[in-house]
Amino acid sequence: MNTTFIIDGGAGRLITAIPALEKYAINNPDDNFRILTAAWESLYWAHPILQNRTFNINQKGVFDLHMKDRRVVHPEPYQMHEYYNQKKHLIECFDHGINNTQDHSDLDKVNLYITNQENAAAQALINEAKQKKGKKKVIVFQPYGSGMKMADGRPTDDSYRSLDVDFALKLIYNMSKDYAVIFFGEKELYHPGDSYSVSFFDKGADLRMYTSLIANCDYFVGVDSVGQHIARAFNKKGTVILGSTFEENISYKDHFTIYRNKYVPTYVPIRLSNIDCEFANQLNYNTMSFDEEDIQRILETIK
């Protein structure tokens, strides 16, 4: 019987599932498996194994077409003991859920693909940013995670994975002294006082464009969000600024420079206990608080 995998959640989860799905394809060549996801399926475009197997779950007839006569597997890393105790990475937990194994030694790193056209377009935008700012090197900066929402006219992240907007602006200003900084994020979150970074909203910036820009930049700076996973896929060095989450299971401490303040986060048991998530978030309010000294330390990691 063929298999359908349901991979839900944010874009970072789709990316970290890739090594396990590639492994499954190698070990199960006779399984014409498919992948269903509610969003971000464009991350699998151009992937030689996964592109033609991936479909959006929010379409009419999906049950009859992709589930009824198949084995359905819905892996959930957040509910695995090793994950919520920071013993295994998200990639390894997807391997456990998809391939039913505790041996992760044969996993590849995350692999993303862009087309030749996307690569050429990104190179042109990178050169445009360099010329506009008169710099030789380009940083892609993602200051906000998916939890950043507008509240009373101000962007706020109650999950404490995003930078404060004013701190982000100060960091952009300081980075822009030496580098061309490309802003990676939603248009409504672009600081009205930001005259220092380069944005490509007028060029139709989307996740595929940002993926291509990261693939062609010199360095990545960001938070616990999709950008860091893209940067790892393309072997880009970077600085990842963390607050309420743990590098052991959501980032790549062997590849990136991880930057934190002095406050130790409380684990947020997402998809396990909603009420305890709320209480944990209340304890994590200081984990994304930074000052001028932090800016200088972050700049040092970049240099």
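Please read all numbers here as calculations on a predicted model, not as lab measurements. (Residues numbered from 1 in each chain as written. Predicted model: local features only at pLDDT ≥ 70, side-chain atom pairs only at ≥ 80, totals over all residues. Heavy atoms only, no water.)

## Let's talk about the overall build of the protein chain
Helices and strands together make up the secondary structure of the protein chain, namely 12 helices and 11 strands. In summary, the protein chain has a C-alpha radius of gyration of 20 Å against a globular reference of 19 Å for 303 residues, a match within 12%. Its C-alpha atoms put the protein chain at 60 × 45 × 40 Å along the principal axes. Considering the protein chain as a whole, with its 303 residues, one finds that 53% of them fall into the buried category. Across the protein chain, contacts joining residues at least 24 apart in sequence account for 62% of those joining residues at least 6 apart. (Helix = DSSP H or I, 4+ residues; strand = E, 2+ residues; numbered from the N terminus. Rg over C-alpha atoms; globule rule 2.2 N^0.38 Å. Buried < 20%, exposed > 50% of the residue type's maximum accessible area, 1.4 Å probe, protein only. Contact = heavy atoms within 4.5 Å.)

## A short note on the packing of aromatic side chains
Enumeration over the complete set of coordinates arrives at 14 aromatic pairs. Their ring planes at 80° and their centres at 6.0 Å tell us that Tyr-252 and Phe-256 sit as a pair that is edge-to-face. A residue is classified by how much of its surface remains accessible, and Phe-256, at 5% relative accessible area, is buried. Put simply, the rings of Tyr-144, Phe-183, Tyr-190 and Phe-201 touch in pairs and so form one group of aromatic residues. Positioned above the aromatic ring of Phe-246 is the side chain of Arg-260, whose terminal nitrogen or guanidinium carbon lies 6.0 Å from the ring centre. (Phe/Tyr/Trp six-rings, centres within 6.5 Å; stacked < 30°, edge-to-face > 60°. Lys NZ or Arg CZ within 6 Å of the ring centre and 35° of its normal.)

## Things to note about the sheet that holds strand 11 (residues 257-259)
Read across the open sheet, the five strands follow the order 8-5-9-10-11; overall the sheet is parallel. Bordering the open sheet on either side are strand 8 (180-183) and strand 11, each of which pairs with just one other strand. When the angles between neighbouring strand axes are averaged without regard to direction, this sheet yields 20°. The pairing of strand 5 (residues 138-142) with strand 9 (residues 219-222) spans four bridges and is classified as parallel. Looking at strand 9, one finds that Phe-141 is bridged to Val-221. Where helix 6 (residues 116-133) meets the sheet, its contacts fall on strand 5 and strand 8, and the angle it forms with strand 8 comes to roughly 125°. Against the sheet, helix 7 (residues 165-175) engages strand 5, strand 8, strand 9 and strand 10 (238-241), with an angle of about 175° to strand 5. (Pairing = 2+ DSSP bridges. Axes fitted to C-alpha atoms, helices over the stretch in contact; angles between N-to-C directions.)

## Considerations on the sheet that holds strand 1 (residues 3-6)
Here we have four strands laid out as an open sheet, ordered 3-2-1-4, and parallel in their pairing. Looking along the sheet, the strands with just one partner apiece sit at the ends: strand 3 (54-56) and strand 4 (71-73). For this sheet, the mean angle separating the axes of adjacent strands, direction not counted, is 25°. In the sheet, strand 1 pairs with strand 2 (residues 34-37) via three bridges, with the strands oriented parallel. The partner of Phe-5 across the bridge, within strand 2, is Ile-35.

## Considering the packing of helix 6 against helix 8 (residues 207-216)
In the contact formed by helix 6 and helix 8, the axes pass within 8 Å of each other and the chain directions differ by 70°. When the axes of helix 6 and helix 8 are compared, the pair comes out roughly perpendicular. Helix 8 is crossed by helix 6, and the crossing has right-handed handedness. Taking contact as the criterion, the partners of Glu-118, Asn-119, Ala-122, Gln-123, Leu-125 and Ile-126 in helix 6 are, on helix 8, Arg-208, Met-209, Ser-212, Leu-213 and Asn-216. In terms of residue class, the contact of helix 6 with helix 8 is built from five nonpolar, four polar and two charged. (Parallel < 35°, antiparallel > 145°, perpendicular 65-115°, else oblique. Left-handed = near helix turned anticlockwise from the far one by under 90°. Nonpolar A, V, L, I, M, F, W, Y, C, P; charged D, E, K, R; others polar.)

## Side note on the pairing of strand 9
Covered by surrounding structure in strand 9 are Tyr-219 and Val-221 together with Phe-220 and Gly-222, the residues of both alternating faces. Where the polypeptide runs from strand 9 across helix 9 (residues 226-233) and back to strand 10, its parallel neighbour, the crossover connection is right-handed. (Right-handed = clockwise from strand over helix to strand, strands pointing away.)

## Considerations on the side chain of Thr-3
Tracing the sequence through the fold places Thr-3 in strand 1. The exposure class of Thr-3 is buried, given its relative accessible area of 0%. At 2.7 Å, the side chain of Thr-3 and the side chain of Asp-31 are in polar contact. With residues near it in sequence (within four places) discarded, Thr-3 still touches Tyr-24, Asp-31, Asn-32, Phe-33, Arg-34, Arg-70, Arg-71 and Val-73. (Polar contact = N/O pair within 3.5 Å; in protein donor to acceptor, adjacent residues only side chain to side chain.)

## A closer look at the layout of surface pockets
The space that makes up the largest pocket amounts to roughly 1200 Å³. Lining the largest pocket are 47 residues; nearest its centre among them are Gly-145, Ser-146, Gly-147, Arg-161 and Ser-225. Put simply, the parts of the chain that give the lining of the largest pocket at least two residues each are helix 1 (11-16), strand 6 (148-151), strand 7 (154-157), helix 8, helix 9 and helix 10 (247-250). Per-class residue counts for the lining of the largest pocket are 20 nonpolar, 16 polar and 11 charged. Size it by volume and the second largest pocket reaches roughly 300 Å³. Surrounding the second largest pocket, 15 residues form its lining, His-89, Ile-91, Ser-251, Tyr-252 and Asp-254 being those nearest its centre. (1 Å grid on protein atoms, 1.4 Å probe; cavity = no way out; pocket = protein on both sides within 12 Å on 5 of 7 lines; lining within 4 Å. Points joined across faces, edges and corners; volume = space filled by probe spheres on them.)

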